[in-house]
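# Fold and contact review
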Amino acid sequence: MNTPTPTPKIQIRDLFKRFDGAALNALEHISLDIAPNEFVTFVGASGCGKSTLLRTIGGLETHTSGELLVDGQPVDGPDIHRAMVFQHYSLYPWMTVGENIRFCRQLAAHTRNRTSSDVEAASGRADALLRLMGLQASEHAWPNQLSGGMQQRVAIARALMGRPGILLMDEPFGALDAQTREVMHDLIRHVHKLEKATVVFVTHDVEEAIYLGGRVVLMAPRPGRIDTVYDVPFGEQRDQDLKHAPEFLALKREILGRIRETAGMKTDLEQLQRLSGALATDSAAA
Ligand SMILES: Nc1ncnc2c1ncn2[C@@H]1O[C@H](COP(=O)(O)OP(=O)(O)OP(=O)(O)O)[C@@H](O)[C@H]1O
Ligand SMILES: [Mg+2]
């Protein structure tokens, strides 16, 4: 017996976005379904619209035409159930780790007239997230006392506090060193499994995109569009050794090659030459 296909968590139909005064569309003909509990990663040359698309799903940006549905409903502004995590941790420096994590829920409690059992449940949730993120010992620390990796774990815990159905992440590990990033990769995979959120994750790092994603969506620039969607054939059980497996490296090479092609260059050397040409022109003009 065939299992029915689940209704997509996110449905994007022929979505266009043009910023005021721009000559080109930042997004053009974007169509994609994202299933509940999927982990989809987005890669592509700089300026291809990855952040614009993510922000549009988050309700922080409007689209010019097309359709964007979450749980079958049109997206109309931001929502606590579509939580965002950015490269810069954006923690409140005047609050401790614990206060940062609890903050959004406290706001919700004030606005929605919650009962004391709601408050207790929220406090249990905060404790569970502190444990999940390995932050118990830092609950009373200030953000500036933490490493980048720890600050980002606080930001993720804060995003998870409202039990979001969708977690939108824009280069969340981009500012971290390679070792910390590896730890974060396994942590976010664990969080995804446990929390069952649908994760949409933007990155420049193709290795990260393959290691984390069930699918990798490659976008192309000028205009921003979807070029290729790759199914990642490595199942759910993954460990760091996978990154050295020949099939993994072959997929990484294929995606990197395609990003270069869509950016209009065949090699990194060409990009370097183009950039140094631009620099030489700039200094001649100065
Ligand atoms: N607020 C804005 N106003 C006008 N144009 C914008 C705005 N935000 C983005 N753009 C333009 O939209 C296009 C897509 O930008 P976007 O930031 O989404 O790309 P990206 O793929 O996230 O790039 P990167 O990898 O460098 O982060 C670019 O041409 C950019 O200049
Ligand atoms: Mg971006």
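Let me begin by describing the structure that accompanies this report. Owing to the predicted nature of the structure, the values given are computational and were not obtained by experimental measurement. Numbering of residues starts from 1 in each chain and follows the order in which that chain's sequence is written. The lettering of chains begins at A and the numbering of ligands begins at 1, in the order of writing. Given that this is a predicted model, residues contribute local features only at a pLDDT of at least 70 and side-chain atom pairs are listed and counted only at 80 or more, while totals for whole chains, interfaces and linings are drawn from all residues.

### Observations regarding the sheet that holds strand β9 (residues 215–220)
- Strands were regarded as paired on the criterion that DSSP finds at least two bridges between them. Helix and strand definitions here come from DSSP, where helices need a minimum of 4 consecutive H or I residues and strands a minimum of 2 consecutive E residues; each element is numbered from the N-terminal end. Within the open sheet, the 6 strands sit side by side as β6-β7-β8-β3-β9-β10. Their pairing is mixed. Edge positions in the sheet fall to β6 (82–85) and β10 (225–231), since each has one partner strand and no second. Geometrically, the sheet is characterised by an average inter-axis angle of 20° between neighbouring strands, direction not taken into account.
- As judged from the 4 bridges shared by β6 and strand β7 (residues 166–170), these two strands associate in the parallel manner. Counterpart to R82 in the pairing with β7 is I166.
- Running at roughly 170° to β6, helix α4 (residues 148–160) makes contact with β6 and β7 of the sheet. Helix axes are fitted to C-alpha atoms over the stretch in contact, other axes to C-alpha atoms as well, and angles between N-to-C directions run from 0 to 180 degrees. Any two residues are considered in contact once their C-beta atoms, placed from the backbone, lie within 7 Å.

### Some details on α4
- For a helix, the expected span equals 1.5 Å multiplied by the number of residues minus one. In a regular helix each residue adds 1.5 Å, so 13 residues correspond to 18 Å; α4 covers 18 Å between its end C-alpha atoms and thus fits that length.
- Exposure in this text rests on C-beta crowding, where 20 or more other C-beta atoms within 10 Å of a residue's own make it buried, 12 or fewer make it exposed, and counts in between make it partly exposed. The C-beta atoms are placed from the backbone. Along α4, 10 of the 13 residues are buried, which leaves the element largely enclosed by surrounding structure.
- Three or more residues of α4 are buried, namely Q151, Q152, R153, V154, A155, I156, A157, R158, A159 and L160.

### Structural notes on the site of ligand 1
- The criterion for a residue being near a molecule or strand is simple: its C-beta atom, placed using the backbone, must lie within 6 Å of it. Around ligand 1 lies a shell formed by F19, A22, A26, G44, S46, G47, C48, G49, K50, S51, T52 and G224.
- Take the shell around ligand 1: its biggest share by element is 3 residues, from helix α1 (residues 50–57).
- When residue character is reported, Ala, Val, Leu, Ile, Met, Phe, Trp, Tyr, Cys and Pro are called nonpolar, Asp, Glu, Lys and Arg charged, and the others, Gly included, polar. Taken together, the residues that form the shell around ligand 1 break down as 4 nonpolar, 7 polar and 1 charged.

### So, the nonpolar core
- For our purposes the nonpolar core covers buried Ala, Val, Leu, Ile, Met, Phe, Trp, Tyr and Cys residues that link as a set through C-beta atoms within 7 Å. In this structure, A157, L167, L168 and V200 are the most contacted members of the largest nonpolar core, which totals 66 residues.
- Here the element with the most residues in this core is α4; it accounts for 6 residues.
- Taken domain by domain, this core gets at least three of its residues from each of domain 1 (10–81 + 164–285) and domain 2 (89–163).
- Excluding residues that lie within four positions of it along the chain, L167 makes contacts with A83, V85, A159, A197 and V199. The source of the domain bounds is an automatic or database domain assignment.

### What to know about the environment of K9
- Looking at where K9 falls in the secondary structure, it is placed in the segment before β1 (10–17).
- On the neighbour-count criterion, K9 (20 C-beta atoms within 10 Å) is buried.
- A sequence separation of 60 residues divides K9 from L69, and the C-alpha atoms of the two residues are 8.0 Å apart.
- Not counting the four nearest positions on each side in its chain, K9 is found in contact with I34, A35, P36, V70, D71, G165, I166 and T198.

Remember, this is a structural readout, not a statement about activity or role.
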